[in-house]
Amino acid sequence: MIIKTDIAILGAGASGLFLAHFLKGREYILIDHNPIPLKIKVSGGGKCNFTNEFISADNYLGDRVLISEVLRHFSNRDTLAFFKEINYQKVKNNQYFASSSDEIIRKLNQKKFIAEILKVEKSGSFIIYTSKGKIIADRVVVATGGISYKKLGATDIGYKIAKDFGHTVITPTPALVGLSLQKEQFWMKRLSGVSLKAEIEIGDKVFVDDLLFSHRGITGPVVLNASLYWKKGKIRCNFLPEVRVKNSNKLLSNALPLPKRFVVEFLKAHDLKDTPIREAKEAIKLLQNYLFAPAGNFGFDKAEVTRGGVNTQELNGLESRLVKDLFFIGEVVDVTGELGGYNFQWCFSSAKYVADRL
Ligand SMILES: Cc1cc2nc3c(=O)[nH]c(=O)nc-3n(C[C@H](O)[C@H](O)[C@H](O)COP(=O)(O)OP(=O)(O)OC[C@H]3O[C@@H](n4cnc5c(N)ncnc54)[C@H](O)[C@@H]3O)c2cc1C
């Protein structure tokens, strides 16, 4: 079977679906091997954190000039207007969640050609080889995402296509992911299931949010955000953020606003005694200024996103500088956002940016 069309969108996840929405009346095909966008479905714990109140290039890793231009073209306000008829609410004063990710999927839903994308070539037009035959298209938009969460349908086809057309791909690594521990911090593993509010400082970034101890290491929003900026080396952790410790005769394990199990394990691991607060300067200093180097991360299977991707220096806007009429949008591009709706916003903004240039 051979299908001829003007525009082929490869991948019907957040960015591909969003793009298709703006191509009504145009001749296009949307190709995906999954009938439903599984990442949207599971995102935000099933409630899809689809944008954020405060967004700028500061919330992303990647080319600041490009990110700012794309976000200006279609902003978080535009996203809220687009989804105005769905039920959503603002959480933690800045994150917008739908009442169910199904509402987002319903709003974005489009007719798809269900097939595995195998390869793309260009000879005059583009030829897209799929498990169900060839598609000939004048323009191609690669929206096949990153490689994290393979069980939800992720593949490296986008990177392969980019490389086949001469692009470089910044090495993909897991991000927004839990961090594993070196031997010195194995005491944290004994706290599996315990959570607390912590501040993590990494480079010039500071995050304050929940930290969850797990049998593999540390996770939770504050760790996921730190993981975006961590490659190797030390991070600084404050287990008493926004707390003014008052001198008292109460024992550390009773007086500190921390889970008792945590305080006990922390003291034990550092050969410190459970003393009255007024005698515990060393312990408190260490709790507020705990420097350690994670061992690694939990890997692509647990990473919400992939850091790295198609090199933006080889793109003009989001069109290939090497191959005319070849575009890249969404997570396949070397732009990665923090936790909090920034990644979907990038998908929507980049999709609309390209929609207006096709
Ligand atoms: C568990 C989890 C929770 C998340 N929660 C949030 C959140 O709340 N807020 C947020 O902003 N971000 C969240 N993210 C990140 C967000 O889901 C992604 O950044 C976003 O989905 C990327 O969109 P995309 O269109 O670039 O790629 P995807 O949504 O991954 O879409 C790519 C599409 O391409 C298809 N595809 C891939 N390879 C092939 C192939 N060879 N043939 C055919 N089809 C193919 C896939 O099936 C998929 O449908 C979460 C991610 C995960 C894994």
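Residues numbered from 1 in each chain as written. Predicted model: local features only at pLDDT ≥ 70, side-chain atom pairs only at ≥ 80, totals over all residues. Heavy atoms only, no water.

(A) Structural view of the sheet that holds strand S13 (residues 195-202). Strand order in the open sheet formed by seven strands is S17-S16-S13-S14-S15-S12-S18, with antiparallel pairing between adjacent strands. With one partner strand each, in any of the chains shown, strand S17 (290-292) and strand S18 (296-297) form the two edges of the open sheet. Sheet topology places strand S16 (residues 235-238) next to S17; three bridges connect them, and they run antiparallel. Across the sheet, Cys-237 pairs through a bridge with Tyr-290, a residue of S17. (Pairing = 2+ DSSP bridges. Helix = DSSP H or I, 4+ residues; strand = E, 2+ residues; numbered from the N terminus.)

(B) Fine view of the packing of aromatic side chains. Counting across every chain of the model gives 27 aromatic pairs. Where Phe-18 meets Phe-82, the ring centres are 4.6 Å apart and the plane angle is 50 degrees; that geometry is what we call tilted. One end of the pair, Phe-18, is in helix H1 (residues 14-21); the other, Phe-82, is in helix H4 (residues 76-82), with 64 residues separating them in the sequence. This pair shows no difference in class: Phe-18 is buried, exactly as Phe-82 is. Plain terms: the ring middles of Phe-50 and Tyr-96 are 6.4 Å apart, the flat faces sit at 45 degrees to each other, and that makes the pair tilted. A residue pair is termed long-range when its members are at least 10 positions apart, and Phe-50 in strand S3 (residues 49-52) and Tyr-96 in strand S6 (residues 95-98) qualify at 46 residues. Pair check on accessibility: Phe-50 and Tyr-96 agree, each one buried. (Phe/Tyr/Trp six-rings, centres within 6.5 Å; stacked < 30°, edge-to-face > 60°. Buried < 20%, exposed > 50% of the residue type's maximum accessible area, 1.4 Å probe, protein only.)

(C) Representation of the state of the cysteines in the model. Within the structure shown, the criterion is met by zero disulfides. Between Cys-347, a free cysteine, and Cys-48, which holds the nearest cysteine sulfur, the sulfur-to-sulfur gap is 9.9 Å. (Disulfide = S-S within 2.5 Å.)

(D) Region of the structure containing the nonpolar core. In terms of nonpolar packing, the biggest core is built from 73 residues, with Leu-10, Ile-128, Leu-318 and Phe-348 touching the most fellow members. Ile-235, Phe-239, Leu-258 and Leu-287 belong to the second largest nonpolar core, which has 44 residues in total. (Core = buried A, V, L, I, M, F, W, Y, C linked by side-chain atoms within 4.5 Å.)

(E) Broad picture of the site of the ligand. If you check the shell around the ligand, you find 32 residues, and the closest are Ser-15, Asp-32, Thr-155, Glu-331 and Phe-344. In this structure, Glu-116 approaches the ligand through a side-chain N or O atom, which is 3.2 Å from a nitrogen atom. Protein coverage of the free-state accessible area of the ligand, which is 990 Å², stands at 95%. If you list the elements that add at least two residues to the shell around the ligand, you get H1, helix H2 (38-46) and helix H11 (342-355). Split into classes, the residues belonging to the shell around the ligand amount to 12 nonpolar, 15 polar and five charged. (Near = heavy atom within 4 Å. Polar contact = N/O pair within 3.5 Å; in protein donor to acceptor, adjacent residues only side chain to side chain. Areas by Shrake-Rupley, 256 points an atom, 1.4 Å probe, with all protein chains shown as cover. Nonpolar A, V, L, I, M, F, W, Y, C, P; charged D, E, K, R; others polar.)

(F) A look at the sheet that holds strand S5 (residues 88-91). Read across the sheet, three strands follow the order S3-S6-S5 without closing on themselves; strand pairing throughout is antiparallel. Two strands in the sheet have a free side with no partner beyond their single neighbour: S3 and S5. Between one strand and the next, the sheet's axes are offset by a mean angle of 30 degrees, whatever the strand orientation. By the bridge criterion, three bridges tie S3 to S6 in an arrangement that is antiparallel. Along S6, the bridge assignment pairs Asn-49 with Phe-97. (Axes fitted to C-alpha atoms, helices over the stretch in contact; angles between N-to-C directions.)

(G) Spatial organisation of helix H5 (residues 101-108). Turning to H5, its buried residues are Ser-101, Glu-103, Ile-104, Ile-105 and Leu-108. On its buried side, H5 packs onto H1, H2, S3, H4, S6 and H11. The backbone nitrogen of Asp-102 lies 3.0 Å from a side-chain oxygen of the residue at the head of H5, namely Ser-100. (Contact = heavy atoms within 4.5 Å.)

(H) Region of interest: the domain arrangement of the chain. As assigned here, the chain comprises domain 1 (2-173 + 303-355) and domain 2 (179-297). Facing 11 residues of domain 1, the contacting portion of domain 2 comprises 11 residues. Between domain 1 and domain 2, roughly 830 Å² of surface is buried when both sides are summed, and carbon and sulfur atoms account for 52% of that area. Along the contact surface separating domain 1 from domain 2 lie two salt bridges. For Asp-209, the salt bridge is made with Lys-92, and the minimal N-O distance between the two is 3.0 Å. Elements that contribute at least two residues to the side of domain 1 that touches domain 2 include exactly strand S4 (60-61) and strand S23 (336-337). (Domains from an automatic or database assignment. Buried area = accessible area lost by both parts, 1.4 Å probe. Salt bridge = Lys/Arg side-chain N within 4 Å of Asp/Glu carboxyl O.)

(I) View of the side chain of Arg-307. One can find Arg-307 in strand S19 (residues 305-310). No salt bridge is formed by the buried Arg-307; its nearest oppositely charged neighbour, Asp-334, is found at 7.7 Å. In contact with Arg-307, not counting residues within four places along its chain, are Leu-61, Thr-171, Pro-172, Thr-173, Pro-174, Ala-175, Ser-227, Leu-228, Tyr-229, Trp-230, Lys-231 and Thr-336. (Lys, Arg positive; Asp, Glu negative; His and termini not counted.)

(J) Looking closely at H11. Relative to the 20 Å expected for 14 residues at 1.5 Å per residue, H11 spans 20 Å between its end C-alpha atoms, a close match to the ideal helical length. Among the 14 residues that make up H11, 14 are buried, leaving the element largely enclosed by the rest of the structure. (Expected span 1.5 Å × (residues − 1).)

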